[in-house]
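Each chain, letter by letter, is given below.
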Amino acid sequence: MNKVVVGAQWGDEGKAKITDLLAQNADLIIRYQGGCNAGHTVVAHNKTFKFHLIPSGILYKGKTCFIGAGTVILPEYFEEEIQGLIKEGIDVTGLKINPLASITMPYHTEVDGYSESTATKGKIGTTKKGIGPTYTDKMARIGLKIQDLYSPELSEKLDIILPLKNKTLKEVYGLKTYTKEEVLDLCEKYAEIFKPYVCFDWQKVLEDAKRDKKAVLFEGAQGVMLDIDYGTYPFVTSSNPIGGGAATGSGYGPAMIDEVIGVAKAYVTRVGEGPFVTELTDKTGDKIREIGHEYGVTTGRPRRCGWFDAVTMKYAVLVGGLTSVALTKIDVFDTFDEIKVCTAYKDTRNGEIYTSYPTDVFIHKYLEPVYETHKGWGQDITGIKEYEKLPENAKKYLARLEELLEVPISIVSVGPDREQTIFK
């Protein structure tokens, strides 16, 4: 069975742990979109590993881990992540990069930082890692791909790209321009960084895996609600984290996908700007943040926290193509007397009730959540290994979420470690 792991909320749902668990039974793990703006944390062997670009399946020996064509790669960050894994004794020889992946250049990070820091209105809350500008150049067909680093036509390509980039850097942003020699020097350096991992015969690798019926795991970054087409636009990422994104970013078509597992927290968090109807700015929100250690892996920013939102999750099931849900961090509620679930939105202007997700995010400031309240279970569940042994109120909570979402909850995570997982 080939599986896609998708974030079903605004990212940071615990995808890396679920990917890590599912990677045990996969032969090929493909990261299909995004860049180093994503942060995935895996706890294994009493160590904490923080991933940004490299598929978390790299922790298993004998696996092939692919960074797909749908990704954008900041070379310096990639090198740093590789060196960190090698230092921890992790074998990275199974890592391969599709030469069609795009490169984040220094001017991309400079533009990203400038755009965000000078915005007076409409801040998106980017990580300033150059992701958006890299995707912009990709779509404008003036980006650099990894294969360009090894091409005899690189110099000619730069003759086309650089005049356009320098004009924009100087006249729009007032930023430093680049000479052709500077960029060629950078490209030479980047070619050395990627050389051990770039896979020019990637088609054969994918074809062989398909022919031999190898198990493929597709790993997404961010979450459905940050999707460039279906998320809370413009407060979104610049790629397609949804299940369909796996078919464009990996090199495999949709017929290769058997399951799409949406990872969601038992509550909701968000980093950065944008609407968040169930956000809690009170002591309850603070309690969730502290118990759940809700701080960004990439930025260290405190995450905004709120109750579980079934309205956005039903939407994620639809557009994300989810066949089941992996629910994480349910143990955060061990000391809660009551737990709330948002089942609808109410428009404070006219009393209209929304049970389907309204995609115009600029009306969200007028929406308030309609909650139902569930009783807590008042006990530590972090050591429970079987679904049947969960407290009755925990099982009732899970059953209600399944009823609201109309898909099964196939995995329940009761702690950060691999072993703290219940397969239902």
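Before reading on, note that the structure itself is shown above.
What comes next is a walk through the structure.

Examining the layout of surface pockets
- Space inside the second largest pocket adds up to approximately 220 Å³.
- K47, T48, F49, K50, H52, Y77, E80, E81, G84, L85 and E88 are the residues that line the second largest pocket.
- Residue assignment for the lining of the second largest pocket shows that the elements contributing at least two residues are strand 4 (47-51) and helix 2 (75-87).
- Grouping the constituent residues of the lining of the second largest pocket by class yields three nonpolar, three polar and five charged.

Description of unusual backbone geometry
- A cis amide bond links Y233 to the next residue, P234, at an omega of 10°.
- Note on placement: P234 falls in the loop between strand 9 (216-219) and helix 8 (245-249).
- Even without being a glycine, H293 presents a positive backbone phi close to 50°.
- Structurally, H293 can be placed in the loop between helix 9 (283-292) and strand 12 (304-306).
- Classification of H293 as exposed rests on a relative accessible area of 61%.
- In the Ramachandran plot, E406 falls in the positive-phi region, its phi being about 60° despite a non-glycine side chain.
- When you line up the elements, E406 lands in the loop between helix 11 (392-405) and strand 18 (409-413).

Quick notes on the nonpolar core
- With 73 residues, the main nonpolar core has F218, Y252, F308, L327, I330, F333 and Y397 as its most contacted residues.
- A per-element tally of this core places helix 10 (residues 310-320) first, with seven residues.
- If sequence neighbours within four positions are ignored, F333 has contacts with A266, Y267, I288, W307, I339, W377 and Y397.
- Ranked by size, the runner-up nonpolar core spans 58 residues in total, among them A44, I67, A101 and V263.

Quick notes on the rules
- Residues numbered from 1 in each chain as written.
- Predicted model: local features only at pLDDT ≥ 70, side-chain atom pairs only at ≥ 80, totals over all residues.
- Heavy atoms only, no water.
- 1 Å grid on protein atoms, 1.4 Å probe; cavity = no way out; pocket = protein on both sides within 12 Å on 5 of 7 lines; lining within 4 Å.
- Points joined across faces, edges and corners; volume = space filled by probe spheres on them.
- Helix = DSSP H or I, 4+ residues; strand = E, 2+ residues; numbered from the N terminus.
- Nonpolar A, V, L, I, M, F, W, Y, C, P; charged D, E, K, R; others polar.
- Buried < 20%, exposed > 50% of the residue type's maximum accessible area, 1.4 Å probe, protein only.
- Core = buried A, V, L, I, M, F, W, Y, C linked by side-chain atoms within 4.5 Å.
- Contact = heavy atoms within 4.5 Å.

So yeah, pure geometry; function would need other evidence.
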